[in-house]
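Each chain is listed here by its residues.
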Amino acid sequence: MPAKTRTRKSDLKSLTIRVCVGTGGLAAGSQDVIDEFTKQLKAKKIRATITKKCVNKTGCRGFCAKDVLVDVIRNRKTETYQLISPEMVSTIVENHIVNGEPVEKWLVGPEYHEFHNRQTKILLDQCGQIDPEDIDAYTAIDGYKGAKKALSMDPLEVIEEVRNSGLRGRGGAGFSCGMKWDFCRRTPATPRYIICNADEGDPGAFMDRSIIEGNPHSVIEGMIIGGYAIGAELGYVYIRAEYPLAVERLRIALDQAREKNYLGKNIFRTNYNFDIKIKLGAGAFVCGESTALMRSIEGKRGMPRPTPPRSVTKGLYDKPTALNNVETLANVPFILLKGADWFTSFGTRKNTGTKVFALTGKCKNTGLIEVPLGMSLKEIIYDIGGGVEKKRELKAVQTGGPSGGCIPAEHINMPVDFDSLTKIGSMMGSGGMVVMDDTTCMVDMAKFFLTFTEDESCGKCVPCRVGTKRMLEMLTRITEGRGRSGDIERLLELSDTIRLGSLCGLGRSAPYPVMSTIRFFRHEYEAHIHDGICPAGACKALRQYLVNEETCKMCGKCFRVCPSDAIVWEKKQFAKINKTKCIKCGSCYDACPFNAIL
Amino acid sequence: MEKNCQKILHRYNAEGGSVVSLLQDIQEAFGYIREDVVDWFSDELNVPASNFFGVATFYAQFYLKPRGKNIITACCGTACHVKGSAPIIEKLRMDLKIPEGEVTSKNGKYTLESVACVGACSIAPVFIANKKVFGKLTAEMADAMIKGLEKK
């Protein structure tokens, strides 16, 4: 950066401002913040004298709860601000950038450092630091060196290295990535394909989106290495159309890579040809399943077929195909560059490396986190997540999305890795982690996931198509207070039928949310069915709102938030709830500062 | 219509498209999957129309009916659900007068649809109104959001 500056009365020598433009940041208004910085700096003639690109866009840095996050790197000293809005920009420019005095009150607090210090960032380290729309930013941090190295090796050596690293698929089942490539390579038919699965359909997971938005080149590099290893000349990225920003960034990255001859003919000056195409998903959860995904790329209805033959031998257009998840592929360049031994130094023996989790729900610090596999659930939720918000009690943690299960609070000391999660009746899935407190009803949770799977069932297998519908009907009945005795047994029986009688992962795992909530929270089901009570107070039909006149301070807060004018209140009078107008939304309950609404 | 269709057909032939990508292009150009457009392609490509509709009805992204002028997408992901998106969806349905079992209001002004997860769980509950993302939405903010749309 040019050291000379014309800003008088200031010791400003270099300046970089980094603003998060992930989906979370954009929703919090980061584009306005960027525009404001650009405008202000231009007005003060700072922008022109420092560098053309001193306001940088970066990907998600994980701590989305405090967006918009802004890094101001002034004379090589970094300060991070949180919860920045455009109105605050002028103060920051005046005090910090011109006069060198950071605005203390807006700086991030200790929880920001706590949140980051307890993590081990490999994949996410670069997201949030580099400009995702600039290939040079990626090559500056050793980007594409892993691919260069791989292409100088024999493909079998590449596979061996990945196999030795113990890298397991980050998409759900946790199959060894090296073994998958090996199977694919051994199948004589050609051409072979490599597909990156970015159809992140799990509700509550967004790590794939963040990686592609924050560092798309790492995924491309992973695909080049994988493609070379299995002997494919064409790769596909199957990505959700619901992620417009990620698609856009990926398109830019692909174009840049082609320009540099990292993709195309004779890439990296070798005789290897490789290119990548983007295929947009059309919104079907089942297309995360490998055989369904390939049907969808072929332009057909995305329905799974029986396996074997597995897709590594007969996949896309009936040719051998390796399908890897975004996060798996993003790990590959590191393994090639730094070696399998380096990778196995993270995590445990059978669960090597790190995993990105989307920590969400009723947790103080929500966002994207990366930790070594095998870290305990307690450390993740309390040390990184800062515990449950509003000091409520932790009830359960849901992992694995609609295919996973709930882990009750008493098992909080368990390590989080592929095998332990499966043992407790949940699964890794793509890594969503939703924290639930005592106001979350577990029956309602099971119903929520069944609504999802019932809707997404492709309809091929009868147990899944009809079974999930019947199950949902039963659960709906229970949450509406019309449960019958014997419902729990019927649910369990149906769970077994669906689990054993369906073809694909979606069907086989569809009953897991029900099974695990019955296993650990059977008493909640019983309370709904036999007593007509929802212990968490979450099921609307079983809830009655009342004002406790002993604790009501007549403040009128409930009156103001009520969206359906159901609360009658005047100054110096107790509030009253009109039951016929009440839509039981719970706004008054949340708004009351004195817990006077029951 | 003919001109638009020719354009799409040209792209289809040039890029080696599939039924899915063709339908995506049709929807992009016409707003929804129009029956007469599908028939045109069916004749042109010698592919039965049932093939197109089979695919179109399989995927959530394709619409067989015209959509409203303003499109509000409600995220129905786990985090949004836990953080209370359901009452807001219900409220919007009531306020926008969307009939039960439909997604578009009778005057064609609003479409309220739900999507599995937009992947912005940290700022749950999330709603998207005409591509602008609203995070941590409350009932009051929803009112303001609708007012903003009404002005347009």
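Please read all numbers here as calculations on a predicted model, not as lab measurements.

For the rest of this paragraph, the subject is the packing of aromatic side chains. The geometry of an aromatic ring pair is captured by two quantities: the separation of the ring centres and the angle between the planes. Residues and elements named next belong to chain A. Within the structure shown, the criterion is met by 16 aromatic pairs over all chains. Aromatic side chains F285 and F452 sit 4.9 Å apart centroid to centroid with 70° between the ring planes, which places their arrangement in the edge-to-face category. Of this pair, F285 sits in the loop between β7 (275-280) and α13 (290-297) while F452 sits in helix α18 (residues 442-456), and the two are 167 residues apart along the sequence. F452 matches F285 in its accessibility class, with the two residues each being buried.

A few words on a positive patch on the surface. Taken together, the side chains of A:K557, A:R560, A:K571 and A:K572 present a region of like positive charge at the surface. The partly exposed category is assigned to A:K557, whose relative accessible area is 41%.

A few words now on the packing of helix α10 (residues 207-214) of chain A against helix α12 (residues 244-259) of chain A. All names here are of chain A. Two numbers describe how α10 lies on α12: the axes approach to 8 Å, and their chain directions differ by 35°. Handedness of the crossing formed by α10 with α12: left-handed. Taken together, the residues of α12 that come into contact with α10 (itself represented by R209, I212 and E213) are L245, A246, R249 and L250. Residue composition of the contact of α10 with α12, grouped by class: 4 nonpolar, no polar and 3 charged.

Okay, the domain arrangement of chain B next. Accessible area lost upon the coming together of the parts is a frequently used measure of interface size. Per the domain assignment, the segments of chain B are domain 1 (2-58) and domain 2 (70-151). For domain 1 of chain B and domain 2 of chain B, the distance between their C-alpha centroids amounts to 30 Å.

A few words now on the sheet that holds strand β8 (residues 321-325) of chain A. Residue and element names in this part refer to chain A. If you walk across this open sheet you meet the 4 strands as β7-β6-β5-β8, and the pairing is parallel. Only two strands of the sheet have a single partner each, and these edge strands are β7 and β8. The mean inter-strand angle of the sheet, taken between neighbouring strand axes irrespective of direction, is 20°. With 5 bridges connecting them, strand β5 (residues 192-198) and β8 associate as parallel partners. Among the inter-strand pairings, Y193 is bridged to a residue of β8, identified as T321. Most of the contacts of helix α11 (residues 216-230) go to β5, to which it runs at about 150°, and overall it touches β5, β6 (232-239), β7 and β8.

A word on a negative patch on the surface. All names here are of chain B. Among the surface-exposed residues, E2, E35, D39, D43 and E44 lie close enough to one another that they form a single negatively charged patch. Tallying contributions element by element places helix α3 (residues 35-45) first for the negative patch, with 4 residues. Tracing the sequence through the fold places E2 in helix α1 (residues 2-15). Given the relative accessible area of 43%, E2 is considered partly exposed.

All right, on to the interface of chain A and chain B then. If you look at the interface, chain A gives 52 residues, while chain B gives 36 residues. With both sides pooled, the region where chain A packs onto chain B buries about 3,300 Å², and carbon together with sulfur makes up 61% of that total. The tally of links from chain A across to chain B stands at 1 salt bridge. Close ionic contact of A:E389 with B:K83 constitutes a salt bridge, the shortest N to O distance being 3.4 Å. Counting every contact that joins chain A to chain B gives 9 residue pairs in polar contact (both at pLDDT 80 or more). Of all the elements in the fold, those that place two or more residues in the side of chain A that touches chain B are α1 (23-27), β7, α13, β9 (354-361), β13 (432-437) and α18 of chain A. Along the lines of polarity and charge, the residues of the side of chain A that touches chain B split into 26 nonpolar, 14 polar and 12 charged.

For an α-helix, 3.6 residues make a turn, and residues three or four places apart therefore share a direction. A rise of 1.5 Å per residue sets the reference length of helix α2 (residues 19-30) of chain B, with its 12 residues, at 16 Å; its end C-alpha atoms lie 16 Å apart and thus fit the reference within 8%. Within α2(B), 9 of the 12 residues are buried, which leaves the element mostly enclosed by the surrounding structure. Burial in α2(B) covers these residues: B:V19, B:V20, B:L22, B:L23, B:Q24, B:D25, B:I26, B:Q27 and B:F30. The inward-facing, buried residues of α2(B) abut β7 and α13 of chain A together with α1, α3 and α4 (49-58) of chain B. Looking one or two places after α2(B), you find B:G31, whose phi comes out positive at around 90°.

Of the consecutive residues A:T190 and A:P191, the connecting peptide bond is found in the cis state with omega at -5°. Assignment of secondary structure puts A:P191 in the loop between α9 (177-186) and β5. Positive phi, normally seen in glycine, also occurs at A:D318, with a value near 60°. As for its position among the elements, A:D318 is in the loop between α13 and β8. Notably, B:N46 is not glycine yet its phi reads approximately 60°, a positive angle. By the secondary structure assignment, B:N46 is in the loop between α3 and α4. When its relative accessible area of 69% is taken as the criterion, B:N46 is described as exposed.

Time to look at the pattern of salt bridges. If charged atoms from side chains of opposite charge come close, those side chains can pair. Taken as a whole and assessed by the stated rule, the structure comprises 35 salt bridges over all chains. The partner of A:R392 in a salt bridge is A:D438, with the nearest N and O atoms 3.7 Å apart. Note that A:R392 is positioned in the loop between α16 (377-384) and β11 (394-399) and A:D438 in the loop between β13 and α18, a separation of 46 residues in sequence. A relative accessible area of 32% places A:D438 in the partly exposed class. Residue B:R67 pairs with B:E113 through a salt bridge whose shortest N-O separation is 2.7 Å. Of the two residues, B:R67 sits in the loop between α4 and β1 (70-75) while B:E113 sits in strand β2 (residues 110-115), which places them 46 residues apart along the sequence. Taking the relative accessible area as the measure of exposure, B:E113 reaches 14% and is therefore buried.

Residue and element names in this part refer to chain A. Taken residue by residue, helix α4 (residues 89-98) has V89, I92, V93, H96, I97 and V98 as its buried positions. Buried residues of α4 fall within an arc of 155° about the axis and therefore sit on the same side. On its buried face, α4 sits against β1 (15-20), α2 (30-43), β3 (70-74) and β4 (77-81). Two residues or fewer after α4 comes G100, characterised by a positive phi angle close to 75°.

Before going further, it helps to spend a moment on the environment of A:Q256. Residue and element names in this part refer to chain A. Mapped onto the fold, Q256 is located in helix α12. Looking at Q256, the relative accessible area reads 17%, which means it is buried. Between the C-alpha atom of Q256 and that of Y382, which follows or precedes it by 126 residues, the distance is 41 Å. If we ignore the near neighbours within four places in the chain, the residues touching Q256 are E133, D134, I135 and H217. Engagement of the side chain of Q256 in a polar contact is seen with the backbone nitrogen of I135, the distance being 3.2 Å.

Cut-off values and rules
Residues numbered from 1 in each chain as written. Chains lettered and ligands numbered in written order. Predicted model: local features only at pLDDT ≥ 70, side-chain atom pairs only at ≥ 80, totals over all residues. Heavy atoms only, no water. Phe/Tyr/Trp six-rings, centres within 6.5 Å; stacked < 30°, edge-to-face > 60°. Helix = DSSP H or I, 4+ residues; strand = E, 2+ residues; numbered from the N terminus. Buried < 20%, exposed > 50% of the residue type's maximum accessible area, 1.4 Å probe, protein only. Patch = residues over 30% accessible without salt bridge, like charges linked within 9 Å, V, L, I, M, F, W, Y side chains within 5 Å. Areas by Shrake-Rupley, 256 points an atom, 1.4 Å probe, with all protein chains shown as cover. Salt bridge = Lys/Arg side-chain N within 4 Å of Asp/Glu carboxyl O. Lys, Arg positive; Asp, Glu negative; His and termini not counted. Charge placed at Lys NZ, Arg CZ, Asp CG, Glu CD. Axes fitted to C-alpha atoms, helices over the stretch in contact; angles between N-to-C directions. Left-handed = near helix turned anticlockwise from the far one by under 90°. Contact = heavy atoms within 4.5 Å. Nonpolar A, V, L, I, M, F, W, Y, C, P; charged D, E, K, R; others polar. Domains from an automatic or database assignment. Pairing = 2+ DSSP bridges. Buried area = accessible area lost by both parts, 1.4 Å probe. Polar contact = N/O pair within 3.5 Å; in protein donor to acceptor, adjacent residues only side chain to side chain. Expected span 1.5 Å × (residues − 1). Arc of directions from axis to C-beta.

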